Amino acid sequence: MNARTSTATVAPPDSAGIERADDVVRGLDLADTGIAVTDPGTGETIAHVPDAHSTDITRTLGAAHRAGADWARTTPRERSNVLHRWWELLNENAEEIALLITREMGKTLPEARGEVKYGNDFVRWYAEQAVRSGGNFQEAPDGGSRIVTRRSPVGLAVLITPWNFPLAMATRKIAPALAAGCPAVIKPATATPLTAYYAVQLAHEAGVPEDLVQVVTTSSSSMFSETALRDEYTRKVSFTGSTEVGRTLLGLASERVLRTSMELGGNAPLIVFDDADVERAAAGAAAAKLRNGGQSCIAANRMYVQSGIADDFVSAYREQMESVRIGHGLTEGVGIGPLINEAAVRDMAGLVEGAVEDGAELLTGGHAPEGEGNYFEPTVLDRVPPKARITGTEIFGPIAAIQRFDDEDEAIARANDTEFGLAGYVFTESLDRAFRAADRLETGLVGINQGVPSNAAAPFGGVKQSGLGREGGAEGLEEYQNIRFYNIASR
C-alpha cells in the first residue's frame, strides 16, 4: 500500500493564523539555536529551545529544591491565591495559548481552545483544593491517646509530559504540586515545548517564584531521566507517556524509592450494544476516535459493535468519518489536523496495510494525502479479526478498527483481553447494562454514552500496565503529599 496515494485534499494553512501564532512564539524570547520545533502541518521550523546537559539539569534541580523550602512554609491560602492568579492569566491569554498549541502540535484551533479550557481547569481546581489539604483527628480506639494526621509536601517533583496535550499535561502536574507546597521541574516533549514555556512564564507573572517551577528541554530524554531521578533532591516523579518508558522510569525511581505517578499506554475498548442510539453512538465514537487526531492515550482503539446494530452503526460512523475535513489546524472549518511527524504517518499506513492483510475490510480512508505536512485520512476498518495485529497496538492516529460481537459476555471478554487498562467506552440506552458493563471493564475510567470523559475534578489514571497513581480530583493532590501522624498521650 502506498502511503502517499490518496484522493483527499488538504486545506492549506491560513496565513493570518500563522502570523498570529508566530507573534506568540516571538514573545517567548527563546534561544536562536538548540532543539528545533517544527509545525507538523507544514514542516517549517518555528523556534528553537535550549538543549540542556546534565550539569544544567543538576543546577536547575538544586535551585528548585532551595526555593521549595520557602514555598512549603506558605499557607494554603497563599498558595491558593497564587494559583487563582495563574488561572486568571491563563484565561486572559487563552487565545494566544491555543494558537501556540495548534502551531507546534497541529490540532485544530477549536480543539486547542478546548484543551486550554481543560488545562486551565486543573489550575482552578487545585487553587480550590489547596485549602482542603486533608488531615484528621481521632481518639485512639483503646483510649489513652489522640491521633492527629496531617499532610505535608513530598518535596521536589520531576514532571515529564508528552507532546499530545502540551498545556493540559503540564497544568495537570504543576498545579497539584504547587497546591501541595512542592517545587517542580518540568520536562516537556521536545516536539511541543513552547506551550509549557509560555504557561510557566505566566505562572511566574502570577507570583510563582522563578526558581520554584522551571522548564528543562533536552535532546536526550534518557540523560535527563537518569540525572533527575538520581539527584539527591528529587522526591517525586510524575510521567505521562508509553508503558515501555514508564517501566524504565520505575526502575530508576526504585533506586531511591521515589514517589511515582505513571499515566502510561492505553488500548481503549469501545462497546456499542444493540440498544444504543445509533446516531448518538456514531457521534460519540467519532469523538472518542478523532479527538486530537486519534493521538490520545484514551482514544477508542478497539471498537466492538453488537451484530444487531452493526450495519446501521458502521454506515452512520463511516459517514461521520468521511465528513471530516483535513487540513492545517489554523484553517477555519478543518476537523482534523496533521499527525505529529512523518514517522506517525508511516505507522498509520503500516497499520492499515497489516489489518487488511489480516482480513479486515477497508471502508474509507487508509492513505496519506499528497503534499507537505504529516496528514492521514480518517480511516474505518470493518470486520477486523479479533487476533489481527492492529488489535494489540495503541494506534495513536485516526484509524477506527471495528469488530462485531453477539453477546455481552463476549464483548467484555474481548475488551479485557489486553495488558492495558486506561479507558473504556460503553454505548447503551439501558442503565443496568451501562453500569454492569462499566463495572466489568478492567479500566481506570469509563465513558458512558460519551466519547470525551476526562474532567479536572475526576481522578484520571489506569490499571494493569496503563500505570499507577491518579491525576485530577482530590486524589491528584494526595500524589504530592506525605501523610504523618502524631500520637498524643491523654492525661
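Scroll up to find the structure.
Remember, predicted model here, so these are calculated numbers, not experimental data. (Residues numbered from 1 in each chain as written. Predicted model: local features only at pLDDT ≥ 70, side-chain atom pairs only at ≥ 80, totals over all residues. Heavy atoms only, no water.)

Novice: Just to check I follow, could you spell out the packing of aromatic side chains for this structure?
Specialist: Geometrically, a pair of aromatic rings is defined through the distance of the ring centres and the angle of the planes. Enumeration over the complete set of coordinates arrives at four aromatic pairs. Where Trp 163 meets Phe 396, the ring centres are 5.7 Å apart and the plane angle is 85°; that geometry is what we call edge-to-face. Remark: Phe 396 occurs in the loop between strand S13 (379-382) and strand S14 (399-405) and Trp 163 occurs in the loop between strand S5 (156-160) and helix H6 (168-180); sequence separation between them is 233 residues. Judged by centre distance (5.8 Å) and plane angle (85°), the ring pair of Phe 273 and Phe 405 falls under edge-to-face. On the criterion of sequence distance, the pair formed by Phe 273 in the loop between strand S10 (268-272) and helix H10 (278-290) and Phe 405 in strand S14 is long-range, its members being 132 residues apart. The buried category is assigned to Phe 273, whose relative accessible area is 0%. Sitting over the face of the ring of Phe 460, Arg 172 holds its NZ or CZ atom 4.3 Å from the ring centroid. (Phe/Tyr/Trp six-rings, centres within 6.5 Å; stacked < 30°, edge-to-face > 60°. Helix = DSSP H or I, 4+ residues; strand = E, 2+ residues; numbered from the N terminus. Buried < 20%, exposed > 50% of the residue type's maximum accessible area, 1.4 Å probe, protein only. Lys NZ or Arg CZ within 6 Å of the ring centre and 35° of its normal.)

Novice: Would you explain the side chain of Thr 391 in this entry?
Specialist: Tracing the chain through its elements places Thr 391 in the loop between S13 and S14. A distance of 3.2 Å separates a polar side-chain atom of Thr 391 from the backbone oxygen of Pro 386. (Polar contact = N/O pair within 3.5 Å; in protein donor to acceptor, adjacent residues only side chain to side chain.)

Novice: Got a minute to help me understand the nonpolar core in this structure?
Specialist: A general trend in soluble globular proteins is that nonpolar side chains are found buried together. Counting residues in each nonpolar core, the largest one holds 66 residues, and the members touching the most others are Leu 83, Trp 86, Ile 97, Ile 174, Leu 178 and Leu 194. Broken down by element, the residue count for this core peaks at nine residues, all from H6. Leu 83 has contacts with Val 123, Tyr 126, Ala 127, Ala 175, Leu 178 and Ala 179, leaving out every residue within four places of it along the chain. Grouped together as the second largest cluster of nonpolar side chains are 35 residues, Cys 297, Ile 298, Phe 313 and Val 324 included. (Core = buried A, V, L, I, M, F, W, Y, C linked by side-chain atoms within 4.5 Å. Contact = heavy atoms within 4.5 Å.)

Novice: Help me understand the packing of helix H1 (residues 15-26) against helix H4 (residues 94-105), please; the structure alone is not making it clear to me.
Specialist: Packed helix pairs are specified by the crossing angle of their axes together with the interaxial distance, meaning the distance between the axes. In contact at an axis separation of 9 Å, H1 and H4 are set at 105° when each is read in the N-to-C sense. Relative to H4, the element H1 lies roughly perpendicular. On the side of H1, the interface is formed by Gly 17, Ile 18, Arg 20, Ala 21, Asp 22, Val 24 and Val 25, while H4 contributes Glu 95, Glu 96, Leu 99, Leu 100 and Arg 103. (Axes fitted to C-alpha atoms, helices over the stretch in contact; angles between N-to-C directions. Parallel < 35°, antiparallel > 145°, perpendicular 65-115°, else oblique.)

Novice: Sorry if this is basic, but what is going on with the sheet that holds strand S17 (residues 445-448) here?
Specialist: Spatial ordering of the open sheet is given by S12-S13-S14-S11-S10-S16-S17, a layout of seven strands whose pairing is mixed. On the outer flanks of this sheet lie strand S12 (361-364) and S17, each paired with one strand and no other. Mean inter-strand twist for the sheet, computed between neighbouring axes without regard to direction, equals 25°. As paired strands, strand S11 (residues 300-306) and S14 are joined by five bridges and run parallel to one another. Bridge pairing in S14 links Arg 302 to Ala 401. (Pairing = 2+ DSSP bridges.)

Novice: Which parts of the structure should I look at to understand helix H9 (residues 243-255)?
Specialist: Given 3.6 residues to a turn, an α-helix orients residues that are three or four positions apart in the same direction. The end-to-end C-alpha separation of H9 is 19 Å, in line with the 18 Å expected for 13 residues at 1.5 Å each. At its buried positions, H9 is contacted by S5, helix H8 (221-229), strand S8 (234-240), strand S9 (259-263) and strand S15 (420-421). Within two residues after H9, Val 257 carries a phi angle of roughly 50°, on the positive side. (Expected span 1.5 Å × (residues − 1).)

Novice: Which parts of the structure should I look at to understand the pattern of salt bridges?
Specialist: Opposite charge on two side chains permits pairing when their charged atoms draw close. For the structure shown, the criterion picks out 36 salt bridges. Across the pair Arg 26 and Asp 23 runs a salt bridge whose closest N-O atoms are separated by 2.5 Å. Of this pair, Arg 26 and Asp 23 both sit in helix H1, separated by three residues, roughly a single helical turn. Judged by its relative accessible area of 44%, Asp 23 is partly exposed. Within this structure, Asp 275, Glu 408, Asp 409, Arg 433, Arg 436 and Arg 440 form a network of salt bridges that share partners. (Salt bridge = Lys/Arg side-chain N within 4 Å of Asp/Glu carboxyl O.)

Novice: Mind showing me how you'd approach the environment of Leu 290 here?
Specialist: Topologically, Leu 290 is positioned in helix H10. Each C-alpha atom of the pair Leu 290 and Ala 127 lies 31 Å from the other, and the pair is 163 residues apart in sequence.

Novice: What's the story with the sheet that holds strand S7 (residues 213-215) in this structure? I'm lost.
Specialist: Strand pairing in a sheet relies on backbone hydrogen bonds. The paired strands run either parallel or antiparallel. As summarised here, the arrangement of the six strands in space is S7-S6-S5-S8-S9-S19, forming an open sheet in which the pairing is mixed. Because the sheet does not close on itself, it has two edges, and the strands there are S7 and strand S19 (467-468). Of the pairings in the sheet, the one linking strand S6 (residues 184-187) to S7 comprises three bridges and is parallel in character. Looking at S7, one finds that Val 185 is bridged to Gln 214. Where H6 meets the sheet, it contacts S5, S6, S7, S8 and S9, and its direction lies at approximately 155° from that of S8. Its contacts with the sheet place H9 against S5, S8, S9 and S19, and it is angled at close to 180° to S9.

Novice: Looking at this structure, I do not really get the side chain of Ser 296. What am I missing?
Specialist: Note that Ser 296 resides in the loop between H10 and S11. Those residues in contact with Ser 296 that sit more than four places away from it in its chain are Asn 164, Phe 165, Arg 291, Glu 394 and Phe 396.

Novice: Please clarify how the pairing of S13 should be interpreted in this entry.
Specialist: Each regular strand displays side chains that alternate between the two surfaces of the sheet. Here S13 shows two buried faces, one formed by Thr 379 and Leu 381 and the other by Val 380 and Asp 382. Two elements, S12 and S13, share three bridges in a ladder whose sense is antiparallel. Each residue of the ladder has a partner; that of Glu 361, found in S13, is Asp 382. Looking at chain direction, S13 and S14 are connected through three bridges and run parallel. In the strand pairing of S14, Leu 381 is matched with Ala 401.

Novice: How do you make sense of unusual backbone geometry when you look at a structure like this?
Specialist: It is generally the case that most residues other than glycine have a negative phi and that most peptide bonds are trans. Here Asp 29, not a glycine, exhibits a phi torsion of approximately 55°, which is positive. Along the chain, Asp 29 turns up in the loop between H1 and strand S1 (35-38). Positive phi, normally seen in glycine, also occurs at Phe 396, with a value near 55°. Overall, Phe 396 belongs to the partly exposed group, its relative accessible area being 23%.

Novice: Even after reading the chapter, I still don't get the packing of H4 against helix H5 (residues 109-129), so can you show me in this structure?
Specialist: Two numbers describe how H4 lies on H5: the axes approach to 8 Å, and their chain directions differ by 120°. Judged by the angle between their axes, H4 and H5 are oblique. Handedness of the crossing formed by H4 with H5: right-handed. For the pair H4 and H5, contact is made by Ala 94, Glu 95, Ile 97, Ala 98, Leu 99, Ile 101 and Thr 102 and by Leu 109, Ala 112, Arg 113, Glu 115 and Val 116, respectively. Considered class by class, the residues forming the contact of H4 with H5 number eight nonpolar, one polar and three charged. (Left-handed = near helix turned anticlockwise from the far one by under 90°. Nonpolar A, V, L, I, M, F, W, Y, C, P; charged D, E, K, R; others polar.)

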